Structure formats: structure tokens, C-alpha cells
Amino acid sequence: MRTITNLKIYMCGIFGYIGDSNASEMIVRGLKRLEYRGYDSWGIAVAAKHTLTVVKQVGPIGDVEKALTLPSSHAGLGHTRWATHGRVTQRNAHPHFSTDKSFALAQNGIVENYKELQKQLFQLGYTFHTETDTEVIVRLIEYEQTKTTSLLDAVKQAFKQLSGRNTIALITTEGEIIAARNGSPLVVGRNTKNGTLYISSDTLSFAPYVDGMYMVDNGQLIRATKSEVSCQDIQTGKSISMHYEHVSTRHSEVDKAGYEHYMLKEIHENPQVIAALLKQPAKEYERLAQAIKRARRVYAVGSGTAGIAAAQIAFYLREYAHIDAVGLVGADAKEYYDYFTPDDLIIAPSQSGETADVLEVIEHARIKKAVIASFVNMPGSMMSRLSDFAFMAQAGPEICVMSTKIFVSQIAWGYLLAKTVANKRTDALKQLEKLSHDMGDYLQKPETHKQLKEVARILVKKHDIFLMGKYQNLQIVREGMVKFIEGTYKHAHAIAAGDLKHYAITLMEKGVIVVTALSRDSVYSDMMNAMHEVKARGATVIGISADKEEGMDIHIPVPKEAETSAIMHVVPLQLLAYYMAKKLGNNIDRPRNIAKSVTVK
Ligand code: G6P
């Protein structure tokens, strides 16, 4: 297999269809489910009467109300793009036609050596019409076709010359789809009852229509026609038997279930994702707990919200299990690579299991033979495959780009794991059961929403919002900050209460608002002091806690939880972000400029 030299990933979604229904309609549906991967532009190619027709447009596929005016067809290939290479134009949108229009190709990834390849192809007389690296793949295949009559062989030869992480899929005039993977995800879905095939970037996009899925591995190629689908190793050409896995029905639930936005629906699913953890077999937790006890040090690593979850998981391991655990942010973990040893253990919480920054850390940790554990929501992800301990969140799809229920699931899992390490699993299960129940009640109560809407109305008027926390609530207010920023496009700043007097206190004055989360724990009096210090300078304090504490100008009451109070505090912060975003008229489920699951390095 060619090596992965760099973990740059371009967010994009690929969706291929072969079946009895109208391909363009099925592809529009599939691409809508893949839209979280990119929503700059999209394109669809369909094969009918020995001809390929391609339509491309700038803008999100979600804006396409009904099937397009493409010819009726039973095979097609679609792509939704998040441009980083070549501007957002109709011309740069995928799929890209071959010169003779015998095939059209889409890519998820980047061809890192595309400049060199393009130069060679120029010299051979090939011309280019787009600004994309993907067109280089098309021309390279055309060049390889001059040496062989087999398109499959030409694709294999061309693919072997690409460097970087990329997955490609092409469709021919006869409705044959060829796809190859190296890095970016690729999954085949199959419905055995009607023989329909799907070739996609994730399981979510076809989950309702299939009874089995096959995760294509790096270095594998898929060839699919109306009558058959086969898999082979790209280097050796050896055929690989495809073992289909069952697709969980939870991954079919991709509708708003009556909620106005996915974000609100997913916040309401917080209690369920905690309940899902309670049903998971103890054995896997026990096995990982043993490995953690043997480890020299644990590094919990994630990006964005998952990076904050990683820090909270490390906190729980330190506090409840006395484990030397540190939280790392994926993009900034490089300086630790030299220190990874076979006695270390990496824990990676990740919704997608495909985040480039985190995959890079894992790959380096694997080189050092460290033990890898992951907690992922998307089945069959790269991260799960690289893990010695692959846990699944089983939280159902999270569609809103702002992560909510997955964060709750990740930190609740971290708590349960830490307590398992401390031989107190039964106690943790009880606490989590109560938490899930109380959280459900809290979310159902109309007063919860009434109050948080009012507080959101106050907060949106501010240019800056401060949040303050300590100990178990420090990462929680940091996550609140992330949600506030994503939801409002305004500035928010999380302060470590203990550090307040060292710098942030200079900003405290009349008109400033500080949102705090407070538990009756060992740092309770420190938090009270910090609250008084900001109040003494004229700031207004909004406090999230079970009991109203002296000094809170506005109290947001939440159910009383013991060790899991910090997890409870996340919910009002998420709801505040939601109601602020709504008040401001922002795009709640797709905040500007951020992508859901895979970042570009
Ligand atoms: C992006 C998303 C975050 C997410 C992060 C990591 O930045 O906007 O919500 O936490 O990626 O994604 P992962 O799939 O690894 O959880």
C-alpha cells in the first residue's frame, strides 16, 4: 500500500447508486445526508443510454427541492464539496468528465503530488480546464488508458501514483462504478432484497435503505455493476471477499422528529445517549480499565469539542482513578510524539473517527507501539480500525455541526471508564442512571426553556460573554464558550476561576456578564470567592447550579447530581447557545465556516 505522507483531508462526500429507482433522486437524498461533509457546491453524474450526463451547481444540495432534470437512470455518482483547493465554482465542482466523456470522477481528499503529475501530463499534451487536483487524476487515468484496454487497470495504475489521503469514485457510460480508497472513508451498502448498491463516504447516507455494509479498507478497490460488486487489493490485484456488517437502525434516524432544528433535537437526546452507555457490556470497559492500570501514562486526545471532552476524560481519570492522564488537542500534540512509549495509552474521543489531527497522533502513537483506545460514533471509522480498544457511542447520528449529545456521551463515557478503573462501576452506573433521568425531566420542563430563552435574550445583547469554572466545571465552561461562539459568531471567553486574579479580572466592570457553573465540591469556596471578586467590580453573575448561591444575580437551577453535576451543567449551556443562535437568526445547524467531522490540517 502506498504510504500516507501527510494527513491533509479535504472534506467532501461521495455517493454512488446502482439500483432500480431513479438514480438522481436517490443521489440527491444521499448527498443531503452527506451535506455535513461539505456544502459549497455539488454535482451528479448519471448513466443512461450509453451516455453520461453531469449536472453541477454552486451552493448546498439541501437547496435542491426535487430531483433534477437529469435523465432517468439506474446508476449515478454524486459529490458534495467543501472547497479548499480551487475556488467554489461550478467548473471546479465534481464529478469531472474524462475528455471523451466515457467516465466522470469525484474525489474526497487531496493529491499532494498533483503539481508534479500535472507538469508531466502537460508535457504529454494533456490540458486542464479546472483548478482542482482531481482533474489530474482524470487525465492520469486517460494517460494510463493509452497503455491498456482495461479501465480498471488504468484506474489502479493511476491511483498508485497519487500521494496523499484520497478516495476516488468514477462512473462509466455503462453505469459501472469503480472506487478506490486511501485515507478518506468509503463504505459499500447493499440491500439483498432488491439488489441495490450504494457506494458512499459514510453509512449514515444509506442506512435506511440497506441491510448490510462493507467498510472498504485503505488500498482496496471496488468495482460495482448492476449484476455484481467485487473488491480487490490495488497493489496485488488479489480479490478480497466482502463481509457485510449489519447496519444499526439508530443510524437511520436522520430527521428532525418535529424539532425545529437538529441541534434542539440532539440536545433533547442527551439523556438517551447516557442511557445507551448503561446498556453496553461491562467486559470491554473492564478490559480497557486493566490496560489503563498497566499504562505508564494516558493521553486523551481530540479536536474542537472532542478535544475538550478529552480533557474532561483525563480529569475523570486523574480524579476518580488516580491515573496519570493528560488531555491533548490533536493539532498541538506533536511535541509529545517523542515521549510516546509502548507503555502509554491513547484515548481518542471522536464523533466521526476520521479527524485528521487526531489520526495523525494515533498513527505516531502506533509507530511507538502505544495502546490505542477510541470512543467513536460513526461505525467503521478509521480511528476504530486503528484501535486496540474500539468503543462505540451508539448515540445515533449527530447532524448539527455544533456537537452537543456526542460531547455529553464522550464525557459520560469518560466518567464511567474512570470509575471502572477505580473498581466503582456499579456506583457510576447508578449515578449515570439518575443523571439521565433528571436530565430528561429538566429538558421536558417548559420553565427550563422559558428561563433560558430569557437569559439568551440578555446575553445576545453583549459583545463579549465570559464564562468561569474550576475543577470539574472548567472544561464544561470551555465547551460552553465553544457553543456560544459557534452559535452567535460573537466573542466568548472561558476563564479558569483560579486564574481570574492573574489577568481576566482587569476586564471586570459594570455591564460585563459572567456565566458560571458551580458544584458543591472541593473547590466550592474558591468558586464563591471568584464570583464575589467579579461582582465586586460590577459584573453580573449568571450561575448554573443546583442551589441558588449568594452572589448569583440570575440563577439557572439544574437537578442536583453528585459526581456527575458537571455533565448536567452542559445542558443549559447548550440550550443557551441554541436560543442565542435562534434569536440572532443564525444558521443553527450549519454555523458559518466550520465543518462537522473532518478538519483540514
Ligand atoms: C470539528 C467539529 C467539532 C468536533 C471536531 C472533532 O471541529 O466542528 O464539533 O468536535 O471537529 O470532530 P470529531 O469527529 O473528531 O469528533
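Residues numbered from 1 in each chain as written. Predicted model: local features only at pLDDT ≥ 70, side-chain atom pairs only at ≥ 80, totals over all residues. Heavy atoms only, no water.

**Here's the deal with the overall build of the protein chain**
On a plain count of helices and strands, the protein chain comes out with 16 helices and 24 strands. The principal-axis extents of the C-alpha atoms in the protein chain amount to approximately 80 × 50 × 50 Å. The buried share of the protein chain, taken over its 601 residues, is 62%. A sequence separation of at least 24 residues applies to 71% of the contacts in the protein chain between residues at least 6 apart. The protein chain carries 71 positive and 64 negative side-chain charges, and their two centres are separated by 1 Å. (Helix = DSSP H or I, 4+ residues; strand = E, 2+ residues; numbered from the N terminus. Buried < 20%, exposed > 50% of the residue type's maximum accessible area, 1.4 Å probe, protein only. Contact = heavy atoms within 4.5 Å. Lys, Arg positive; Asp, Glu negative; His and termini not counted. Charge placed at Lys NZ, Arg CZ, Asp CG, Glu CD.)

**Focus on the site of the ligand**
Around the ligand there are 13 residues in total, and Ser350, Gln351, Ser352, Thr355 and Lys596 lie nearest to it. Backbone polar atom of Ser303 to an oxygen atom of the ligand: 3.3 Å apart, as the coordinates give it. For the ligand, an oxygen atom lies 2.6 Å from a polar atom in the side chain of Ser352. When the ligand is considered free in solution it has 380 Å² of accessible area, and contact with the protein chains removes 92% of it. For the shell around the ligand, the class distribution of residues is three nonpolar, nine polar and one charged. (Near = heavy atom within 4 Å. Polar contact = N/O pair within 3.5 Å; in protein donor to acceptor, adjacent residues only side chain to side chain. Areas by Shrake-Rupley, 256 points an atom, 1.4 Å probe, with all protein chains shown as cover. Nonpolar A, V, L, I, M, F, W, Y, C, P; charged D, E, K, R; others polar.)

**A closer look at the sheet that holds strand E14 (residues 239-240)**
Taken in spatial order, the seven strands make up an open sheet running E5-E6-E7-E8-E12-E13-E14, and their pairing is antiparallel. With partners counted over all chains shown, the strands left at the sheet margins are strand E5 (96-97) and E14, one partner each. With six bridges joining them, strand E7 (residues 166-172) and strand E8 (residues 177-182) adopt antiparallel strand pairing. Note on E8: the bridge partner recorded for Ile168 is Ala180. The sheet strands contacting helix H3 (residues 134-145) are E5, strand E6 (103-109) and E7, and the helix crosses E6 at an angle near 130°. (Pairing = 2+ DSSP bridges. Axes fitted to C-alpha atoms, helices over the stretch in contact; angles between N-to-C directions.)

**Examining a positive patch on the surface**
The grouping of Lys453, Arg457, Lys461 and Lys583 at the surface amounts to a positive patch. If you trace the backbone, Lys461 turns up in the loop between helix H13 (446-459) and strand E20 (464-469). (Patch = residues over 30% accessible without salt bridge, like charges linked within 9 Å, V, L, I, M, F, W, Y side chains within 5 Å. Salt bridge = Lys/Arg side-chain N within 4 Å of Asp/Glu carboxyl O.)

**Remarks on the side chain of His94**
Inspection of the secondary structure puts His94 in the loop between strand E4 (75-81) and E5. In this structure the side chain of His94 is engaged in a polar contact, spanning 3.4 Å, whose partner is the side chain of His79. Filtering out sequence-adjacent residues up to four positions away, His94 remains in contact with Trp42, Gly43, Lys56, His79, Arg81, Leu105, Ala106, Gln107 and Thr134.

**Some words on the packing of helix H7 (residues 282-294) against helix H11 (residues 405-421)**
Running from N to C, H7 and H11 cross one another at 70°; their axes reach a closest spacing of 9 Å. Between H7 and H11, the crossing angle belongs to the class labelled roughly perpendicular. Considering the relative orientation of H7 and H11, their crossing is right-handed. Of the residues in H11, those touching H7 at Tyr285, Glu286, Leu288, Ala289, Ile292 and Lys293 are Trp413, Leu416, Leu417, Thr420 and Val421. (Parallel < 35°, antiparallel > 145°, perpendicular 65-115°, else oblique. Left-handed = near helix turned anticlockwise from the far one by under 90°.)

**Considering the pattern of salt bridges**
Taken as a whole and assessed by the stated rule, the structure comprises 27 salt bridges. Linking Glu135 and Arg139 is a salt bridge whose minimum nitrogen-to-oxygen distance equals 2.7 Å. Of this pair, Glu135 and Arg139 both sit in helix H3, four residues apart, which is roughly one turn of that helix. Arg139 carries the same exposure label as Glu135, and that label is buried. Beyond isolated ion pairs, a larger network of salt bridges with shared partners links Glu135, Arg139 and Glu142.

**Points about the packing of aromatic side chains**
Counted by the stated rule, this structure contains 19 aromatic pairs. For the pair Tyr214 and Tyr244, a centre-to-centre distance of 6.3 Å together with 55° between the ring planes defines the contact as tilted. One end of the pair, Tyr214, is in strand E11 (residues 212-215); the other, Tyr244, is in the loop between E14 and helix H5 (262-268), and 30 residues separate them in sequence. Between Arg190 and the ring centre of Tyr244, over which it is positioned, the NZ or CZ distance is 3.6 Å. (Phe/Tyr/Trp six-rings, centres within 6.5 Å; stacked < 30°, edge-to-face > 60°. Lys NZ or Arg CZ within 6 Å of the ring centre and 35° of its normal.)

**Focus: the pairing of strand E1 (residues 12-18)**
One face of the sheet, then the other: side chains in a regular strand alternate in exactly this way. Burial runs high along E1: seven of the seven residues are buried. Both faces of E1 are covered, namely the face carrying Cys12, Ile14, Gly16 and Ile18 and the face carrying Gly13, Phe15 and Tyr17. Relative to E4, E1 runs antiparallel, the two being bridged by seven bridges. Looking across to E4, one finds that Gly16 is bridged to Leu77.

**Comments concerning the sheet that holds strand E9 (residues 187-191)**
Pairing within the open sheet is antiparallel, and its seven strands lie in the order E3-E2-E4-E1-E10-E9-E11. Of all strands in the sheet, those with a lone pairing partner are strand E3 (51-58) and E11, marking the two edges. Strand-to-strand twist of the sheet, defined as the mean angle between neighbouring strand axes without regard to direction, takes the value 15°.

**Some words on the packing of helix H6 (residues 270-278) against H11**
Remark: H6 packs on H11, axes separated minimally by 9 Å, with the N-to-C direction vectors making an angle of 35°. As H6 runs across H11, the sense of the crossing is right-handed. Across the interface between the two elements, Asn270, Val273, Ile274 and Leu277 of H6 pack against Lys405, Val408, Ser409, Ala412, Trp413 and Leu416 of H11. Residue composition of the contact of H6 with H11, by class: seven nonpolar, two polar and one charged.

**Here's the deal with helix H8 (residues 305-321)**
Here H8 is 17 residues long and its end C-alpha atoms lie 23 Å apart, about the 24 Å a rise of 1.5 Å per residue gives. When you tally the buried positions in H8, you get 15 out of 17 residues, the bulk of the element. Note on H8: the residue one or two positions beyond its end, His322, has a positive phi of about 55°. (Expected span 1.5 Å × (residues − 1).)

**A closer look at helix H15 (residues 524-536)**
With 13 residues, H15 should reach 18 Å at 1.5 Å per residue; the first-to-last C-alpha distance of 18 Å fits that figure. What H15 keeps buried is the set Met527, Met528, Ala530, Met531 and Val534. The arc that holds the buried residues of H15, viewed along the axis, is 160°, so those residues lie on one side. Residues of H15 that are buried in the fold lie against E20, strand E22 (513-517) and strand E23 (540-545). Positive backbone phi, approximately 100°, marks Gly538, located one or two places after H15. (Arc of directions from axis to C-beta.)

**Things to note about the domain arrangement of the protein chain**
Considered domain by domain, the protein chain is made up of domain 1 (13-240), domain 2 (257-444) and domain 3 (445-601). One C-alpha centre belongs to domain 1, the other to domain 2, and the line joining them spans 33 Å. Listed per partner, the contact involves 13 residues of domain 1 and eleven residues of domain 2. Between domain 1 and domain 2, a total of about 970 Å² is buried, with carbon and sulfur atoms accounting for 61% of that surface. On inspection of domain 1 and its partner domain 2, the count reaches one salt bridge. A salt bridge links Arg385 to Asp217; its shortest N-O distance comes to 2.8 Å. Connecting domain 1 to domain 2 are one residue pair in polar contact (both at pLDDT 80 or more). Of the residues contributing to the side of domain 1 that touches domain 2, the split by class is six nonpolar, three polar and four charged. (Domains from an automatic or database assignment. Buried area = accessible area lost by both parts, 1.4 Å probe.)

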